[in-house]
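Chain by chain, the residues:
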Amino acid sequence: MSDQLIKVPADWAKSAYVDDAKYTEMYEQSIKDPVGFWAEHGKRVDWIKPYTKVKDVSYNQRDLHIRWFEDGTLNACYNCVDRHVKDKGDEVAIIWEGDDPSVDQTITYTQLHHHVQRFANVLKDQGVKKGDRVTIYMPMIPEAAYAMLACARIGAVHSVVFGGFSPDALAGRIQDCDSRFVITSDEGVRGGRPIPLKENTDDALDSCPDVESVIVVEHTGGAVTMKEGRDVWYHEVAGRVDHECPCEEMNAEDPLFILYTSGSTGKPKGVLHTTGGYLVYASMTHQYVFDYKPGDIYWCTADVGWVTGHSYILYGPLANGATTLMFEGVPTYPDSSRCWQVCDKHNVNIFYTAPTAIRALMREGDEPVKKTSRKSLRLLGSVGEPINPEAWLWYHKVVGDERCPIVDTWWQTETGGILISPLPGATDLKPGSATRPFFGVEPVLVDNDGHPLHGATSGNLCIADSWPGQMRTVYGDHKRFFETYFSQFKGKYFSGDGCRRDEDGYYWITGRVDDVLNVSGHRMGTAEIESALVAHEKVAEAAVVGYPHDIKGQGIYAYVTLKQGQDPSDDLKKELVQWVRKEIGPIASPDLLQWAPGLPKTRSGKIMRRILRKIAEDDFSNLGDTSTLADPGVVDDLIDNRQNLG
Ligand code: WT7
């Protein structure tokens, strides 16, 4: 089934920016002459001072640096807002669809320009200066976009923290980048339920004494407490500031934003993206991968708390002068027709979502889809995790009525934009494959010793050379940047993903090869969840692995060893799951928790996760060599307990 080939429709090959021949020509040029290629395409954004240097990159340990367009200057907000005002000021920049289906709003480019300038002046009023880090902990409302663009306008570095994260997770991210400013809302609403963002912020700030100012955007009107001297209402300050604010001239390599993401070890890393290369890459991929044409209504269902929201709700589409839809709610509220009703209501042409959402909707059957028209849809996209062929085919057949190509886009927080994806007018599709690399991207599969593998094969997915949207460092920890991405396989960027290349040169992402989980498209470090568990007073030790989950892709499986004298009860299980929710956020709650009298360890004390993964998968046949274990008996105990768990 997965070997099925779905040909590019003839009308797509004709009307798209790029057909197969053009793809091959542009791709070859981009690899043979990256400097010439990007010198040309870098011009797609407006520069204040044009660049003369295109690329300066070294992946060497002593001298790791990545610079694109380094002597050029520009402003990202100018490119996303101001430059469109003259010719398309009355066109819609943002369509906002509220959680409540009766509530929506459209914001034209001219209106966006006003809102963003006012927001920028509120930031200045609160003392924010160029280079300062500003933490944004917001629901999916237009003000989240204004806040991000306002930071870009004045040269402040935003760090958006997903509204589903806990106060502790928020505090850690504020502290890590020494952020003295926080923007939040009274409450968010999702699926009809309020989320106490301001209250969470207050809890977080108990451990962030350096925060000087909290700007609170009124959204639901829910009750909050305002701390005198620290907290201000956005609308009160906005009422007294100037309505004009110039754009700061930024260097191409000045930071644009920090976004925290989980790794296989330690606490989340602050992925740093800079201004010029990021914007060029986000806007170019948005145009070509989605074959975005002026006038298209484009909807990406992500949250601005993730990189998909940064690159493909905000920066890419707005840099291209597109109409981008921002959705506050969830796909299943008020019912599982919601996405398609929104498509019909706003005439959405391009729809971009995650496999976990597709699988959840597929479970509800065809009827909620079929009762809507969806005739405006032209193209569908998928992102965040491997999409299984069944879900792909359902998306294609039922949602897209077999009319709409699907772009399965592989990329990462670190990559800034899409690296492997079909181009809809150029690439024949194979359900489950992210297909071929974007311009300037040269995937290399290597074995565990770093030897490049050729032809049809499987290996660790690396990228041979830099692309403009690549992250530049881990905020405050350049050494960790080297160690995480450039130390295993010398001279290449290592993604952490496993991948297969087939006989047609198509890429099939097989999932992470490190201790990172992908739960409903959300990236979680097993180490993070383990340290949350052991922070509980009754827990001695914990090991977390992933296991296959029908809807989430991967579920979270936790093995917990209790301290001496603690009773393993069902109540304690519930308490520990709640504990992790509180420590990190609901997305990190273990799906299954098993008591482990002991964990399988080598004689040197290393936990053998391979065995734990097998047991979690309910597959006891192939446990491999257990003879190196310090105490092989623990495995039998774990298997007994697993069987009791069902
Ligand atoms: C990890 C990155 C890309 C933005 C959202 C997630 C997995 C992402 C795909 C895809 C298979 C995918 C990878 C990657 N992933 N897209 N189309 N097919 N796997 O960003 O949180 O940084 O996670 O998501 O494992 O490494 P992220």
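Procedures and definitions
Residue numbers restart at each chain and count upward from 1, following the sequence in its written direction. It should be noted that, the model being predicted, local features are given only for residues of pLDDT at least 70 and side-chain atom pairs only at 80 or more, the latter also being counted only at that level, while totals for whole chains, interfaces and linings use all residues. Calculated side-chain values reflect all of the structure's heavy atoms, with hydrogen atoms and water omitted. UniProt positions are given in the numbering used here, feature names are shortened, and annotations may be inferred rather than shown by experiment. Two strands are said to pair when DSSP picks up at least two bridges between them. Starting at the N terminus, helices and strands are each numbered in turn, a helix being any DSSP run of H or I of at least four residues and a strand any DSSP run of E of at least two. All axes are obtained by fitting lines to C-alpha atoms, using only the stretch in contact for helices, and the reported angles, taken between N-to-C directions, cover 0 to 180 degrees. Proximity is defined per residue: any heavy atom of the residue falling within 4 Å of a molecule or strand makes that residue near it. In the analysis that follows, any N or O atom pair within 3.5 Å is treated as a polar contact, provided that within protein one partner can donate a hydrogen and the other can accept it, and provided that, for residues neighboring in sequence, both atoms belong to side chains. Surface accessibility follows the Shrake-Rupley procedure with a 1.4 Å probe radius. Residue values consider only the protein chains on display as shielding. Three residue categories are used. Nonpolar comprises Ala, Val, Leu, Ile, Met, Phe, Trp, Tyr, Cys and Pro, charged comprises Asp, Glu, Lys and Arg, and polar comprises the others, including Gly. Salt bridges, as used here, are contacts in which a Lys or Arg side-chain nitrogen is within 4 Å of a carboxyl oxygen on Asp or Glu. When a residue's accessible area, from a 1.4 Å probe over protein chains only, is under 20% of the maximum for its type it is buried; when over 50% it is exposed; and in between it is partly exposed. Pairing of aromatic side chains here covers Phe, Tyr and the six-membered ring of Trp, requires ring centres within 6.5 Å, and sorts the geometry by plane angle: under 30 degrees stacked, over 60 edge-to-face, intermediate tilted. We count a charge as sitting over a ring when the NZ of a lysine or the CZ of an arginine lies within 6 Å of the ring centre and within 35 degrees of the ring normal. Contact criterion: two residues are considered in contact whenever any of their non-hydrogen atoms come within 4.5 Å of each other. To form a nonpolar core, buried Ala, Val, Leu, Ile, Met, Phe, Trp, Tyr and Cys residues must be joined to one another through side-chain atoms within 4.5 Å.

Under the annotation held in an unreviewed UniProt entry, the chain carries the name Acetyl-coenzyme A synthetase and is attributed to Pyruvatibacter mobilis. Turning to the chain, the UniProt annotation filed under Cofactor (unreviewed entry) states: "Mg(2+)". Note on the chain: under the UniProt heading Sequence similarities (unreviewed entry), the record states "Belongs to the ATP-dependent AMP-binding enzyme family."

1. Thoughts on the sheet that holds strand 4 (residues 92–97)
Spatially, 5-4-17-16-18-19-20 is the arrangement adopted by the 7 strands of the open sheet, whose pairing is mixed. Every other strand in the sheet has two partners, leaving strand 5 (104–108) and strand 20 (406–409) as the edge strands with one partner each. Recorded for the sheet is a direction-independent mean angle of 20° between the axes of neighbouring strands. Summarising the sheet, strand 16 (residues 297–300) and strand 17 (residues 323–327) pair through 3 bridges and their orientation is parallel. Bridge pairing in strand 17 places Ile297 opposite Thr323.

2. Considerations on the UniProt feature "domain: AMP-dependent synthetase/ligase" (unreviewed entry) in the chain
Within this numbering scheme, the UniProt entry marks residues 82–466 as carrying the feature "domain: AMP-dependent synthetase/ligase" (unreviewed entry). Within the segment residues 82–466, helix and strand shares are 31% and 23% respectively, and the terminal C-alpha atoms sit 30 Å apart.

3. Considering the site of the ligand
In the vicinity of the ligand there are 17 residues, among which Asp408, Thr409, Thr413, Asp497 and Arg523 approach most closely. Residue Pro386 places a main-chain N or O atom 3.4 Å away from a nitrogen atom belonging to the ligand. Contact distances for the ligand include 2.9 Å between an oxygen atom and a side-chain N or O atom of Arg512. In isolation the ligand exposes 550 Å². Once the protein is present, 95% of that is buried. Of all the secondary-structure elements, those providing two or more residues to the shell around the ligand are helix 11 (307–319), strand 20 and strand 26 (507–512). Grouping the constituent residues of the shell around the ligand by class yields 6 nonpolar, 6 polar and 5 charged.

4. Regarding the pattern of salt bridges
This structure, assessed with the given rule, holds 39 salt bridges. Of the charged contacts, one joins Arg180 and Glu212 as a salt bridge, the two residues approaching to 2.6 Å between their closest N and O atoms. In this pair, Arg180 sits in the loop between helix 7 (167–176) and strand 8 (181–185) while Glu212 sits in the loop between helix 8 (197–205) and strand 11 (213–217), placing the two residues 32 residues apart along the sequence. With relative accessibility at 40%, the residue Glu212 sits in the partly exposed group. Salt-bridge contacts for Glu530 lead to Arg609; the nearest nitrogen and oxygen are separated by 2.9 Å. In this pair, Glu530 is assigned in helix 17 (residues 526–534) and Arg609 in helix 19 (residues 609–616), connecting sequence segments 79 residues apart. For the residue pair Glu530 and Arg609, the accessibility class agrees, reading buried in each case. The network of salt bridges with common partners includes Glu97, Asp104, Arg338 and Lys345.

5. Describing the packing of aromatic side chains
Counted under the stated rule, the structure contains 39 aromatic pairs. Arranged with centres 5.8 Å apart and planes meeting at 85°, the rings of Tyr281 and Phe438 form a pair that is edge-to-face. On the criterion of sequence distance, the pair formed by Tyr281 in helix 10 (residues 276–289) and Phe438 in the loop between strand 20 and strand 21 (443–446) is long-range, its members being 157 residues apart. Across this residue pair, the class does not change: Tyr281 and Phe438 are buried. Plain terms: the ring middles of Tyr288 and Phe439 are 5.7 Å apart, the flat faces sit at 85° to each other, and that makes the pair edge-to-face. With Tyr288 in helix 10 and Phe439 in the loop between strand 20 and strand 21, the pair connects residues that are 151 residues apart, well separated along the chain. The exposure class of Tyr288 is buried, given its relative accessible area of 13%. Lying across the ring of Tyr17, Lys293 places its NZ or CZ 5.0 Å from the centre. It is Arg500 that lies over the ring of Trp508; its NZ or CZ is 4.8 Å from the centre.

6. Some thoughts on the side chain of Asp132
Inspection of the secondary structure assignment puts Asp132 in the loop between helix 5 (109–125) and strand 6 (133–137). Of note is the side chain of Asp132, whose polar atom sits 3.2 Å from the side chain of Arg180. Excluding anything up to four places from it in sequence, Asp132 contacts Gly127, Ala156, Val157, Arg180 and Phe181.

7. Some details on the UniProt feature "domain: AMP-binding enzyme C-terminal" (unreviewed entry) in the chain
When the UniProt feature table is mapped onto this chain numbering, "domain: AMP-binding enzyme C-terminal" (unreviewed entry) sits at residues 528–606. For the annotated span residues 528–606, helix accounts for 27% and strand for 32% of the residues, and the straight-line distance between the end C-alpha atoms is 17 Å.

8. What about the nonpolar core?
Judged by nonpolar contacts, the single largest core of 118 residues is most densely connected at Leu112, Leu149, Phe290, Tyr315 and Phe439. Of the residues forming this core, the biggest block, 10 residues, is contributed by helix 6 (residues 142–154). Setting aside its immediate chain neighbours within four residues, Tyr315 contacts Ala76, Cys80, Met148, Leu149, Ala152, His158, Leu256, Phe257, Tyr278, Leu279 and His310. Judged by nonpolar contacts, the second largest core, of 39 residues, contains Val182, Val216, Trp233 and Leu517.

9. Some words on helix 17
Count 3.6 residues to each turn of an α-helix, and residues three or four apart come out pointing the same way. When you tally the buried positions in helix 17, you get 7 out of 9 residues, the bulk of the element. Burial in helix 17 covers these residues: Thr526, Ala527, Glu528, Ile529, Glu530, Ala532 and Leu533.

10. Some points on the pairing of strand 23 (residues 457–463)
In summary, the side chains of a regular strand alternate between the two faces of the sheet. Of all 7 residues in strand 23, 6 are buried, a share of seventy percent or more. Pairing between strand 21 and strand 23: 4 bridges, direction antiparallel. Paired with Leu445 across the bridge in strand 23 is Leu461. Of the pairings in the sheet, the one linking strand 23 to strand 25 (residues 493–501) comprises 6 bridges and is antiparallel in character. When the sheet's bridge partners are listed, Cys462 is paired in strand 25 with Phe494.

11. Describing the environment of Val446
By the secondary structure assignment, Val446 is in strand 21. Through-space distance from the C-alpha of Val446 to that of Gly155 is 40 Å; in sequence the pair is 291 residues apart. When neighbours within four sequence positions are excluded, Val446 is seen to be in contact with His451, Pro452, Leu453, Gly459, Asn460, Cys462, Phe489 and Lys492.

12. A look at the pairing of strand 25
Across the 9 residues that make up strand 25, a large majority, 8, are buried. For strand 25 and strand 26, the ladder comprises 5 bridges, and the chain directions are antiparallel. Across the sheet, residue Cys499 finds its bridge partner in strand 26, namely Ile509. What sits between strand 25 and strand 26 in their antiparallel hairpin is a turn of 5 residues, with Gly505 showing a positive phi close to 80°.

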